[in-house]
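One letter stands for each residue in the lines below.
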Amino acid sequence: MSLTLRTISREQHLAYIQSLPSASHMQVPAWADVKAEWRSENLGWFDDRTGEMVGAGLVLYRQLPKIKRYLAYLPEGPVINWFAPNLQEWLEPMLAHLKQQGAFSVKMGPPVIIRRWEAPSIKAGIQNPDVKRLRDIEADHIEPRAFEVADKLRRMGWQQGEDGGAGFGDVQPRYVYQVPLANRSLEEVHKNFNQLWRRNIKKAEKAGVEVVQGGYHDLEEWQRLYEITAVRDHFRPRPLSYFQRMWTALNTEDPNRMRLYFARHNGVNLSAATMLIVGGHVWYSYGASDNIGREVRPSNAMQWRMLRDAYALGATVYDLRGISDSLDETDHLFGLIQFKVGTGGQAAEYLGEWDFPLNKLLHKALDIYMSRR
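Residues numbered from 1 in each chain as written. Predicted model: local features only at pLDDT ≥ 70, side-chain atom pairs only at ≥ 80, totals over all residues. Heavy atoms only, no water.

Quick reminder of the rule: UniProt positions are given in the numbering used here, feature names are shortened, and annotations may be inferred rather than shown by experiment.
With an unreviewed UniProt entry as reference, the chain is termed Peptidoglycan bridge formation glycyltransferase FemX, source organism Streptomyces indiaensis. For the record of the chain, the UniProt heading Sequence similarities (unreviewed entry) holds the text "Belongs to the FemABX family."

**With respect to the packing of aromatic side chains**
Aromatic rings in a pair are described by how distant their centres are and how their planes are angled relative to each other. Keep this limit in mind: Two rings from Phe, Tyr or Trp (for Trp, the six-membered ring) form a pair when their centres sit within 6.5 Å of each other. Planes less than 30 degrees apart are called stacked, planes more than 60 degrees apart edge-to-face, and all others tilted. For each residue, the accessible area found with a 1.4 Å probe, counting protein chains only, is set against the maximum for its type, and the residue is called buried under 20%, exposed over 50%, and partly exposed in between. Each helix corresponds to a stretch of at least 4 residues labelled H or I by DSSP, and each strand to a stretch of at least 2 residues labelled E; elements are numbered beginning at the N terminus.
Taken as a whole, this structure holds 15 aromatic pairs when the rule is applied. Taking the centre distance of 5.8 Å and the plane angle of 50 degrees together, the rings of Tyr226 and Phe235 count as tilted. Look at Tyr226 and you get buried, because its relative accessible area is 3%. The class for Phe235 is partly exposed, based on a relative accessible area of 34%. Judged by centre distance (5.1 Å) and plane angle (80 degrees), the ring pair of Tyr226 and Phe243 falls under edge-to-face. One end of the pair, Tyr226, is in helix H8 (residues 219-233); the other, Phe243, is in helix H9 (residues 240-253), and 17 residues separate them in sequence.

**Some details on the sheet that holds strand E15 (residues 354-357)**
As a general point, the strands of a sheet are linked pairwise by backbone hydrogen bonds and lie either parallel or antiparallel. To be explicit about the condition: Two strands are said to pair when DSSP picks up at least two bridges between them. In this description, a line fitted to the C-alpha atoms serves as the axis of each element, helices being fitted only across the stretch in contact, and the angle between N-to-C directions of two axes falls anywhere from 0 to 180 degrees. Residue contacts are counted whenever heavy atoms from the two residues lie within 4.5 Å of one another.
Here we have six strands laid out as an open sheet, ordered E1-E2-E3-E4-E5-E15, and mixed in their pairing. Of all strands in the sheet, those with a lone pairing partner are strand E1 (3-7) and E15, marking the two edges. Strand after strand, the sheet turns through a mean of 25 degrees between neighbouring axes, direction not considered. One ladder, built from eight bridges, connects strand E2 (residues 39-47) with strand E3 (residues 53-63); its direction is antiparallel. Following the sheet pairing, Arg39 is matched in E3 by Tyr61. Most of the contacts of helix H1 (residues 10-18) go to E3, to which it runs at about 125 degrees, and overall it touches E2 and E3.

**Re the pattern of salt bridges**
Stated formally: By salt bridge we mean one thing: a side-chain nitrogen of Lys or Arg within 4 Å of a carboxyl oxygen of Asp or Glu.
Within the structure shown, the criterion is met by 17 salt bridges. Of the charged contacts, one joins Glu349 and Arg115 as a salt bridge, the two residues approaching to 2.4 Å between their closest N and O atoms. Taken as a pair, Glu349 in strand E14 (residues 346-350) and Arg115 in strand E6 (residues 113-118) lie far apart in primary sequence, 234 residues in all. Asp325 serves as the salt-bridge partner of Arg133, at 2.5 Å between the closest nitrogen and oxygen. Taken together, the residues Arg133 in the loop between helix H4 (119-127) and strand E7 (141-142) and Asp325 in the loop between strand E13 (317-322) and helix H11 (334-341) connect sequence positions 192 residues apart. Exposure remark for Asp325: the relative accessible area of 14% places this residue in the buried category. Salt bridges linked by common partners bring Arg115, Arg135, Arg174 and Glu349 together as one network.

**Re the packing of H4 against H11**
Counted only if it meets this: Each angle is binned into one of four classes, with values under 35 degrees roughly parallel, values over 145 roughly antiparallel, values of 65 to 115 roughly perpendicular, and all other values oblique. For a crossing to be left-handed, the near helix must be turned anticlockwise from the far one by less than a right angle; the clockwise case is right-handed. Three residue categories are used. Nonpolar comprises Ala, Val, Leu, Ile, Met, Phe, Trp, Tyr, Cys and Pro, charged comprises Asp, Glu, Lys and Arg, and polar comprises the others, including Gly.
Interaxial distance between H4 and H11 falls to 10 Å at its minimum, and their mutual angle equals 140 degrees. When the interaxial angle is binned, H4 and H11 end up oblique. Regarding H4 and H11, the two cross each other, and that crossing is left-handed. Contacts from Ala119, Ile122, Lys123 and Ile126 of H4 reach H11 at Phe334, Ile337 and Val341. Tallied by class, the residues present in the contact of H4 with H11 amount to six nonpolar, no polar and one charged.

Rendered as structure tokens:
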């Protein structure tokens, strides 16, 4: 198949995304409005024979301080046929085009999963003192074609750092936790939760925790809980304006793209979460909780409601997003994987992010700049 790459309109891009079973929420045209500090471009791949669009990519351009050269970034994209035998013919025109646009380096995240681990295997790994990382556990599912993709990328000159994070490290999580919903009943999903999760869901129900959906006007209340979480977990919170922009941009594109949930007890909001929907893929994207009311298990109640809603939407996967691959109980991120493993589900490892330095000198300079930040 011979291909042509060209800039497309947002409408064309959106129509293409809507024709697919799913794509990353970072590859929908409206994501460019969320990332307002980046310049953006929509790319389309066309089959020369039929003239039909067969791939798309959202490119975000970040200018280097003081010079008119850009880092071109395709988060969790582009959305192309990654297993095509002629992968070079997809990516080379893209590199040529981005170079013309003034890019000195390209970063992309192929949405290709290499391995999956089922919850029982992870639990066994956590109990084994010799196992320190997810990778030390034998995977339950392996995608051999993913290794071929990695091989082809290396041969083309794409690079990945030692730890899998190329250049200034993976921006998007390489390991995620997902609950598959396709061809399963809700009863099966619930049965797969561990005892603690099932107990906590029951506890919340008994205590009278209610889970409700919020709207744009509730984002200030979301921000309050999110900032409490940031202080507790030592991270720098995004400003309220970011979530307002996200809500407006995503829901203008598709009124059901982003949702907001609150778990409340006696009229007080104890935890909150944002949910993103693209086709059959549903993400729990940001979570927040107060320091009070934990004994009534609001977070478990909220996740169960979100999972049921995802199921009602016909989702094939409920994605709890990033986890660390560390299974060391002293690691500060260990609690995250422990919480998510309780849902049954599976951990998945993506191919990670890849860099292509179009200008080696500037690419190196960026690396140094990023490592000092």
